[in-house]
Amino acid sequence: MDLNQIVADLGLFLPEIILTGVVLLVVLYDLFQDAEHSIRSGYLAMGGLVLTLLAVLMQDTSAPTGIFSNMLAVDGFSNFLKVIVSIGAILVMWMSFNSNELKGRRVGEYYVLILVLTLGMYFLVSATHLLSIYISLEMVSLMSFLLSGYLKEQMRSNEAAIKYVVFGAFSSGILLYGFSLLYGLTGSTSIFEIQAALAAGNVQPALLLMVLVMVLVGFGYKIAAVPFHFWTPDVYEGAPVPITAFLSVAPKAAGFAIIIRFFNVVFSGDGNPNMEAWSALENLNWQAVISLLAILSMTVGNVIAIQQSNIKRMLAYSSIAHAGYMLLGVVVADQTGIAAILYYAGVYMLMNLGAFFVAIHVKNAFDTEEIEEYKMLGYKAPVLGVIMTIFMFSLTGLPPTGGFIAKFYIFRSLIEYGDMYFWLAIIGLINGVISLYYYMRVVKAMYFGKMELPERIHQAPLNVTVLLVILALPLLLGWMIGDPLSGYAQSAVHFFVN
Amino acid sequence: MINLALLILFLPLLSFALQIFFGRRFEDKKGEWVSVGIQFTTLIMSLAMFVMMISRNDPNFSLEMQKSWLDLGVFKIDLGVYIDNVTIIMLNVVALISSLVHLYSTAYMAGDVRYSRYFGFLGIFTFSMNGIVLSNSLFMIYMFWELVGLSSYLLIGHWWEKKSAADAAKKAFITNRVGDIGMFMGMMIIATVLGTFNFQLIADRILDGTWASNAGMLFGGIDPHKLLTIAGVLVFMGAVGKSAQFPLHVWLPDAMEGPTPVSALIHAATMVAAGVYLTVRIFPFLTADAMATIAFIGGFTALYAATIAITQNDIKKVLAYSTVSQLGYMVMALGTGAYVAGFFHLVTHAMFKGALFLASGSVIHAMHHSLHKLDDHQTDPQDMRNMGGLKAKMPITFGVFMVTTAAISGIPLFSGFLSKDAILAGTWTYAANVHDGWLANLHMAWILPVFGFGAAAITAFYMFRLIFMTFYGEAKKPDIFKHIHESPKVMTVPLVILAILSTFIVFTLPSVNPISDHGWFTEVVQSPETAVTTGAAFDLEHFEHGMHEAHVPAMVTSLIVAGLGILLSVLVYLLNKISAENLATKLGALYRGSLNKWYMDEFYINGIIRPFLKGCDAVGRFDLEFYDHYLINGWGRNTKRTSRGVGFADDLIVDGAVNFSGIIFQWLGWTLKFIQTGKIQNYLIFVLIGAAVLFAVNVY
Amino acid sequence: MDHLSSYLVLSAILFSLGLYTVVTRKNGVAILMGVELILNAANINFVAFSKFVTHTLDGHLISVFIIMLAAAEAAVALAIVLNLYNNRGHINVDEANALKQ
Amino acid sequence: MENHLLSIVTFLPVLGALAIILVPKEKLDIIRWGAAAITGIQLIFAIWILSVFDFASGDVQLVEHFAWIPAFNIEYFLGIDGLSAPMVLLTALLSFLAVFSSWNIDKAHKGYFALFLLLDAGMMGVFTSLDFFLFYIFWEVMLLPMYFLIGIWGGPQREYAAIKFFLYTLFGSVLLLLGMLALYFLSEPHTFNMLILAEQSAQFGQAILLGMNAGKVIFILLFVGFAIKVPIFPFHTWLPLAHVEAPTAISVILAGVLLKMGTYGFLRISWPVLKEATLWFALPLAILGLINIIYGAMAALAQRDLKKMVAYSSVSHMGFVLLGMAALTPAGMNGAVFQMFNHGTISAMLFMLVGVVYDRAHHRDIEGFGGLAKVVPVYAGVTALAFFAGLGLPGFSGFISEALTLIGAFPVFTWITIFATVGIVLNAGYFLWAYQRVFMGELNSKYEKLEDINGRELFALIPLAIITFFLGVYPTPMLNLMSTTLNQLVEVVKSAGMAAGL
């Protein structure tokens, strides 16, 4: 480990460097803005993020490498997720520009926090070392705490933040304790070495299982899987809507990234997730644990979502269910399964952000978050209605939307194993049907019922419409024209292995 | 000849189309005469065929033409025309009666609200009836079978404003369908075993052993002979429906709700005889058991219907039951193997019963006009208790009535005597000679002559009762009587023609012996060879010989019983020596039974239809109110109830759509909501518990 | 006290105490202290394993980072708790249940 | 152009829907006539397709085949054979005629016709696609417009009906999806191509899934998916509700085309791909067919709502299809598909007729009419015709198909068929009873001024009546169209069973 190597690695670290630079720049720039114009910092942050995204896209990941003594990996997998979280962040910033909640505040630091959160996720998706995992996880968590409590004077936001903090700190504490045991059991901190040690045997299965559960508490909280989801509804409701949207998408994707990387390396038979014939660690059936988690998440998420009358809460709960679907891919944990998760993450980002964005706009324009009060929206604002319908169908997983293809890929990867996961697929699909029920309530409210045609048709501002179309169109058409996302996701299942 | 037959078949259809599409426009411009013209054209054509047949004088004459209609490669159905002497005679009967009824109707139906449509329906009826007559296969006959059902439905329901008419039409159609499904099942058996519906091929293939070798594929290797019995009886079910045999006879009396000419054409002369015609067609492949069944049903129906006819007061109802009874005769004849006699009776019956109905129509027409003049809409013009003494006012009608009543009662010199006598001789022979079939096995064959002679006596009685009540005695309603007039020529001419055709000589030419049926008819119509080689009831020669021997005793007996019947009738209704009322009270239960048609309708309505409709209701309710509601939606509603108590999410569930999601999910959701307390520390505990459970589950 | 097991027992006790504190205390600051206990339990593990098992400095290194991050976390958390106090006048987490459904 | 006929006929309505969206909503006539024109052109194309279709060949024709999503071997594969050709014609025909039944839609016309055209495209796609994945996409796509069409333009309980329909069918669809994926992975190489799947039929019978014979498990999965559409008892309860609440044109499409998709799915996928399982399940299917026939007819007899009665009659009529299919004899199979077509035309007529009287009287209570024949003779006449066609009177196409299914099923399921014939009587019962109560008897004075059926309504009905009548008298063209394919189907399924020793 010499300095030359570090300097050489910096080349592969370029996106993060740029992002860090942007953060600093925005902080500085924001110093010179008064509250009224602090939104400009937001524009700057968004611009910087676009730049970073370009850097990520330009990075050559054909040869996966570890940088900084294999603390971080630069590979196709992390690259894909960086793209996802960056796009998510950009879209959320765009949404935030239109959010009434943030109007009249000083918002420079808000955007800075989002940037840092993004940076944290950059690290998280590429972490390959217990230390880097923990640090990046904390980075993401801390920023999330702050963002969810951003509406300082609002009781709800406040409460959300405190709960989030307590829950987050608690979970990461347990995670850390698990890490420490893992370190003790294997004597190393790099996930590759840990794997090697575990594969060599000599570790008591029960102890290993305990470690596994502890690790899961930490990761599970990040992706809001049942039973580690309890913070979700409260935080999602209390946080500013754009942040809720962001939390339900980007950190979740990053959380999945670390779960996949961690589990597929540490708890695998040969430590190489790039191989076709991938196998789990012999004495630890962690896939069963994940299956259980997946089933619980899907079912509980759906069941509670049914009860919601507030669209934000409904979307929040349903995000738990979606985490469950994605976990199904983790269960399979082979190349197709991971590709399916990546694909799902991408599609889910589009549709969930889209749905939240419509919700924000409806809140702005009609001042309501109640699903019942979406009444006649389809006629009052036809474009908004149609687009929302597309999002709802996609979230349900109905053809011809991307949501269907995403689910299709997930279930496809399950059924590939024939008997093994067939029941899991059935449960998952039935859950899909249940979800129809609450998503359709939105559609129903928008179109059905006694029709009183509005006098005036509401026209959303151009930038809102443009953003919505950008989100909706790929959902509708993307998969039909060669499905570029699918190709990208498949090529991205390429891990750095030491 | 085939082309001629096809013309006869399709011309009435043209009449139908013209009347339906253009009839209304020409209603005031004698448009009906187009139909009458067409009908008479077919009559001329039929007569031409008849003449050819007589000159050919070949009992084995037959012609067949068929075309592929439906071809699935491995499965095909051909439609075609089969003509033999029976066909030709039947075509003549249909054409003749139909023509006369057309003519008659121009007066009888004058001024009707749906005048042109009436003629159109007569057209489609004639078409379908000709179709039955000309069919060469079971499948084709089935199709036309249903079509006559349709025309019958349309014509019975001609005055659908009356609920009774609409009811009767529906009843006729559905009762017939009950018989038809039997027929269809029989067809399916035959088609499955033999792969054909064609009458000739069926007979051939039974004869060459195809049946015996293939029959085992049904019902798990059933005895072929038994299967043939089943098939035969099932096909005969169609005849039971159409020819109003017990127990499916109930529709025919009700069908009298239709216009009287329709009753004459359809419900007396032709359509109801289609069942007999069908039996004639399937005659070659009926087994002894099947024939015994047919004979028994026919005989029972003959007697049964006759007993009801005694007490009816509606002139058309008497005739209707008499028709049922006479059809029973024909069926019984075929069942006993008296093929020629059965078909012969069909033809003679068509003439005299057609005449009887048209004559009764003439009476009703007169009554109706009289009532119309009196502006009386209460009195029933068909009730014989309102008539009496009409002899003087309506001499032609009366004359026709006398002739045809004589014919139906089996009085010598009239056609009915010949045919009925032949049937009775047949039953006699059967009872004496039969050695197979369940009737013989149970030693019950003697019951058939009992049915036959009993019915003959009763027939004579009630027919004369009808005459006496209607035409003799005092006019019971003098003011009505005052306005009675003889019907116009277009009505009486057909009557007279049919009366003439009810005399013996028409059928015995060139011979003129009034007590023997030898003549052109027995020359051209002869019993076909049976295809059932094993277990036939008796061999043909033996049977003909027996018929010959039974002829005289049967004739004598029938004359005696008819005479007794007439005598009783004279005593009661003409001379009033015996009081009908006293007789009725004395007979008590019997009288009431007869008057109420032995409660068959009540049995059907209360015993079958009502319970079945209740069952349907139950199914309908079960489906929507129980199955769908409880099993599929019910969870939601239960939750609604419980949640009212708990008091949350009410509006959501009232919302209605929840009812699919099910109580389990609701309950789960409720519980989970309960867990979501909002207290962070509870959450943490739950996390710990969750983690512990995960751990525990996977350790074990 | 130079057996690994002693350290592990200590850390386990600390961990349990931490959990107990977090779950039972109502005071926001106290809960954060409980979290610190958990983190320190992990720290002890890391250092102990480092000393007895691996004989490298990896564990020490990690524990240094943990201490640092714990400070950052405390800063954030306290800021939020402070905010709670500003809004409510107390820091009783238990009563923060406005988001209950 | 001939190479792309199927694509054109499938996607033309999508273009039409887009075009209609662009029309300003005030231009009502352009919207209506536009929809009529598009479906009309589609019908012309459908007829063109039949004109170039080779009747003598049982193979797939007019094929359009190229890779679509190569990663999963998903293909864009369209083609028709004797099984789908009648359905293509039926879809185009009913879509065209249903536009005219949609004339009196009273709100949001633009949305209605756009969705209607999308529905049309979805249905057409189901019948033309030969790639299972593509099939599934169309299958589901068709759901969405249906949901809106019932939920927005339906009767008083429309929302409930719509969501129920949606949930029911989606439930079936996910099982279908499972079955589809299972087939995909059991095939080698993995494929959704139905023809290749059919070729590999034998190996599905040998594989194990869920500890059972994979063929049977998949059969059941597909069965539920298809059965809900048919609908087969006990999955039928969405149907009366959806039919009753849907606007007339949509009821027409529902009964005329949608129900056929279920049975089509059986014959297109379950039968050829899961041959052994098909033979295995033939008896239970026949029993279900019998239940459908009798149960549907009995429920129909109990109804007071005319539309509900017609809806249940569909349940009954589809039972014949099922019975014929299960028999696996040429007569039964041809009868079943012919019955699919005939039920399409006849039930379309029935629903249109119910719509006619509902538009005028604003209710459908059978007991609430009486004597209508007096004031609306033409309507009464056409209804009589449709009712008699419905009850299977010879001379109408329904008779032939019902007779064929029964004759075909008889040698195989003798007792079941015997009981099924009772359905013939019951059919006559409810149709005639309803007819009597509505049209006969004393005229209900409320309806003295009832308007007779108008030209537009007749325009939609008469072609159907003519087809019903024509095929009833001369069924050969339609049977020729399908018999080669269907006989082959029977042959391969049977021989596979023989090979498997069933």
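All residue numbers here refer to positions counted from 1 along the written sequence of the relevant chain. Here the convention is simple: chains get letters from A, ligands get numbers from 1, in the order in which they are written. Local features in a predicted model are, by the rule used here, given only for residues with pLDDT of at least 70; side-chain atom pairs are given and counted only at 80 or more, and totals for whole chains, interfaces and linings are based on all residues. To obtain the side-chain values, all non-hydrogen atoms of the structure were included, while hydrogens and water were left out.

Caption draft 1: Local environment of the packing of aromatic side chains. Residues and elements named next belong to chain D. Any two of the Phe, Tyr and Trp rings considered here, Trp counted by its six-membered ring, make a pair once their centres fall within 6.5 Å; the pair's planes then place it as stacked at under 30 degrees, edge-to-face at over 60, or tilted in between. Evaluated as defined, the whole model comprises 118 aromatic pairs over all chains. Whether a charge sits over a ring comes down to the Lys NZ or Arg CZ being within 6 Å of the ring centre and within 35 degrees of the ring normal. Just above the ring of Trp139 sits the side chain of Lys229; from NZ or CZ to the centre is 4.2 Å. Stacked on the ring of Trp433, the Lys or Arg Arg437 has its end atom at 3.7 Å from the ring centre.

Caption draft 2: How the structure looks around the pattern of salt bridges. Just to be clear on terms, a salt bridge is a Lys or Arg side-chain nitrogen sitting within 4 Å of an Asp or Glu carboxyl oxygen. Under the defined criterion, the tally for this structure stands at 26 salt bridges over all chains. When the shortest N-O distance is used, the salt bridge between Lys363 of chain A and Asp367 of chain A registers 3.7 Å. For the salt bridge of Glu257 of chain B with Lys162 of chain B, the shortest nitrogen-to-oxygen distance reads 3.2 Å. In this pair, Glu257 of chain B sits in the loop between α10 (251-254) and α11 (260-269) while Lys162 of chain B sits in the loop between α5 (138-156) and α6 (163-194), placing the two residues 95 residues apart along the sequence. Overall, Glu257 of chain B belongs to the partly exposed group, its relative accessible area being 23%. Whether a residue is buried, partly exposed or exposed follows from its accessible area with a 1.4 Å probe, protein chains only, as a fraction of its type maximum: under 20%, in between, or over 50%, in that order. Lys162 of chain B gets classed as partly exposed once you look at its relative accessible area, which sits at 41%. Strands here are runs of E lasting at least two residues and helices are runs of H or I lasting at least four, both read from the DSSP assignment and numbered beginning at the N terminus.

Caption draft 3: View of the side chain of Ser98 of chain B. Residue and element names in this part refer to chain B. Here Ser98 shows up in helix α3 (residues 85-108). Residue class for Ser98 comes out buried when judged on its relative accessible area of 0%. Every residue pair with non-hydrogen atoms within 4.5 Å of one another is taken to be in contact. Leaving out residues up to four positions away in the same chain, Ser98 has contacts with Gln39, Thr126 and Leu265.

Caption draft 4: Focus on the confidence of the model for chain D. Residues and elements named next belong to chain D. Note on scores: pLDDT gives the predictor's confidence for each residue, bounded by 0 and 100. Confidence in the prediction for chain D averages 88 pLDDT; 99% of positions are at 70 or higher. Ranking the elements of chain D by mean pLDDT puts strand β3 (residues 208-209) last, at 79, and helix α3 (residues 84-101) first, at 92. Interface confidence for the predicted complex, expressed as ipTM, amounts to 0.85; the pTM equals 0.88.

Caption draft 5: Representation of the nonpolar core in the model. By nonpolar core is meant a set of buried Ala, Val, Leu, Ile, Met, Phe, Trp, Tyr and Cys residues that side-chain atoms within 4.5 Å join together. Counting residues in each nonpolar core, the largest one holds 710 residues, and the members touching the most others are Phe219, Phe262, Phe263 and Phe267 of chain A, Trp211 of chain B together with Phe132 and Phe133 of chain D. By residue number, the principal contributor to this core is helix α14 (residues 335-366) of chain A, which donates 21 residues. Sequence-distant contacts of Trp211 of chain B, defined by excluding residues within four places in its chain, comprise Ile189, Ile190, Val193, Leu194, Arg205, Ile206, Pro224, Leu227, Leu228 and Ala231 of chain B. Core analysis: the next-biggest nonpolar cluster, separate from the first, contains 27 residues, Leu424, Leu439, Ile447 and Leu448 of chain B among them.

Caption draft 6: Summary view of the interface of chain C and chain A. Taken residue by residue, the interface counts 42 residues in chain C and 42 residues in chain A. Of the roughly 3600 Å² buried where chain C meets chain A, counting both sides, 74% is carbon and sulfur surface. Our count for the contact surface shared by chain C and chain A stands at zero salt bridges. We call two N or O atoms a polar contact when they sit within 3.5 Å, provided that within protein one can donate a hydrogen and the other can accept it, with sequence-adjacent residues counted only if both atoms are side-chain atoms. The interface formed by chain C and chain A holds nine residue pairs in polar contact (both at pLDDT 80 or more) in total. Of all elements in the fold, only α1 (4-24), α2 (28-54) and α3 (58-88) of chain C reach the threshold of two or more residues within the side of chain C that touches chain A. Gly counts as polar in this scheme, as do all residues outside two lists: the nonpolar Ala, Val, Leu, Ile, Met, Phe, Trp, Tyr, Cys and Pro, and the charged Asp, Glu, Lys and Arg. A class-by-class count of the residues in the side of chain C that touches chain A yields 29 nonpolar, 10 polar and three charged. Defined in terms of a 1.4 Å probe, buried area is the accessible area two parts forfeit on being brought together, summed over both.

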